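Take a look at the letters that make up each chain.
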Amino acid sequence: MTRVRRILCYGDSNTHRSAPARSWYDSQRFDETAGWTGVLTEALGKGFRVIEEGLPGRTTTLDDPIEGASRNGLTYLKPCIDSHRPLDAIVVMLGINDLKTRFSLTSEDIARALVALIELILSGKSGPAGTDPRILVIAPAPIEEVGFLGEIFSGGGIKSGQLAEKYKTVAAHFGAEYLNAAEFIKVSPVDGIHLDLHDHAVLGKSIAGKLLTMFGMGKEL
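Quick caveat: nothing in here was measured; it's all calculated off a predicted structure. (Residues numbered from 1 in each chain as written. Predicted model: local features only at pLDDT ≥ 70, side-chain atom pairs only at ≥ 80, totals over all residues. Heavy atoms only, no water.)

Comments concerning the sheet that holds strand β2 (residues 48-54)
Strand order in the open sheet made by the five strands is β2-β1-β3-β4-β5, with parallel pairing throughout. Each having just a single partner strand, β2 and β5 (177-180) make up the two edges of the open sheet. In this sheet, adjacent strand axes meet at a mean angle of 15 degrees when their direction is disregarded. Inspection of the sheet shows strand β1 (residues 5-11) paired to strand β3 (residues 89-93) by five bridges, in the parallel sense. Bridge pairing in β3 links Cys9 to Val91. Its contacts with the sheet place helix α4 (residues 107-123) against β3 and β4 (134-139), and it is angled at close to 165 degrees to β4. Across the sheet, helix α6 (residues 163-174) is in contact with β4 and β5; its angle to β5 comes to roughly 170 degrees. (Pairing = 2+ DSSP bridges. Helix = DSSP H or I, 4+ residues; strand = E, 2+ residues; numbered from the N terminus. Axes fitted to C-alpha atoms, helices over the stretch in contact; angles between N-to-C directions. Contact = heavy atoms within 4.5 Å.)

Below you can see the structure in the form of structure tokens.
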């Protein structure tokens, strides 16, 4: 009997499938099969179980003074992992919400926060038979300061473009796998943060190809 590999996808509103919006009041969520985790599920096939853990506003390590402490990705990560273990791989795509002006972080600060997330993952031996799960770090596509979210992320555009190389360095330090989303997709011009359906599809297939390669099951798609 073939064992099903369990993949945890840990992210923010783009993992949650939030659609591009023109205001707070028209926010919607794409169908579960259309978001990148749904596309990933389809592309990987029956030998995998994809677990979608996306939360709008989730940061790497920060309590949000407006949206609340529940947005802290570090404090929720351990109970999340413990709920779903054993995990063969954890896909982490966070950092965009850290760019909000209210946090006043540099891109280096955000990269250091990624270090804290990976250290926590590696401390729990949450893979099969007490091993470490494989880790895939995804650098989010750079944001655009447009639409109703533009003021909230003022100054974040330039810093978001600096994350890719910093994330790559962090991933290499821990022996984690790495993917730069900007090589495949870009954010919607509607709100400068979220992905449209086309980019969800492209991202899901790109991640599937990477995971299959990580598990020695085929070439990157």
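What to know about unusual backbone geometry
In this model, Arg85 is joined to Pro86 through a cis peptide bond whose omega is 0 degrees. With respect to the secondary-structure elements, Pro86 resides in the loop between α3 (73-84) and β3. The phi dihedral of Ser104 is positive, around 50 degrees, even though this residue is not glycine. Not every positive phi belongs to a glycine, and Lys125 is a case in point at roughly 45 degrees. Along the chain, Lys125 falls in the loop between α4 and β4.

Some thoughts on the environment of Glu145
Tracing the backbone shows Glu145 in the loop between β4 and α5 (156-161). Note: C-alpha distance between Glu145 and Gly192 (47 residues apart in sequence) is 6.0 Å. Only 3.0 Å separates the side chain of Glu145 from the backbone nitrogen of Gly155, close enough to count as a polar contact. Separated by 3.4 Å, the side chain of Glu145 and the backbone nitrogen of Gly156 make a polar contact. (Polar contact = N/O pair within 3.5 Å; in protein donor to acceptor, adjacent residues only side chain to side chain.)

Some remarks on empty space enclosed by the protein
A complete count under the given rule lists one cavity of 30 Å³ or more for this structure. Its volume calculated, the largest cavity comes out at about 80 Å³. The wall of the largest cavity is formed by Asp12, Asn14, Met93, Ile96, Pro140, Ala141, Ala181, Ile185, Val187, Ile193 and Leu195. Grouping the amino acids of the lining of the largest cavity by side-chain chemistry returns nine nonpolar, one polar and one charged. (1 Å grid on protein atoms, 1.4 Å probe; cavity = no way out; pocket = protein on both sides within 12 Å on 5 of 7 lines; lining within 4 Å. Points joined across faces, edges and corners; volume = space filled by probe spheres on them. Nonpolar A, V, L, I, M, F, W, Y, C, P; charged D, E, K, R; others polar.)

Considerations on the state of the cysteines
Each disulfide consists of one covalent bond between the sulfur atoms belonging to two cysteines. Summed over all chains, the structure comprises zero disulfides. Cys9 takes part in no disulfide bond, and the closest cysteine sulfur, belonging to Cys80, lies 10 Å away. Residue Cys9 is classed as buried on the basis of its relative accessible area of 0%. When its relative accessible area of 1% is taken as the criterion, Cys80 is described as buried. (Disulfide = S-S within 2.5 Å. Buried < 20%, exposed > 50% of the residue type's maximum accessible area, 1.4 Å probe, protein only.)

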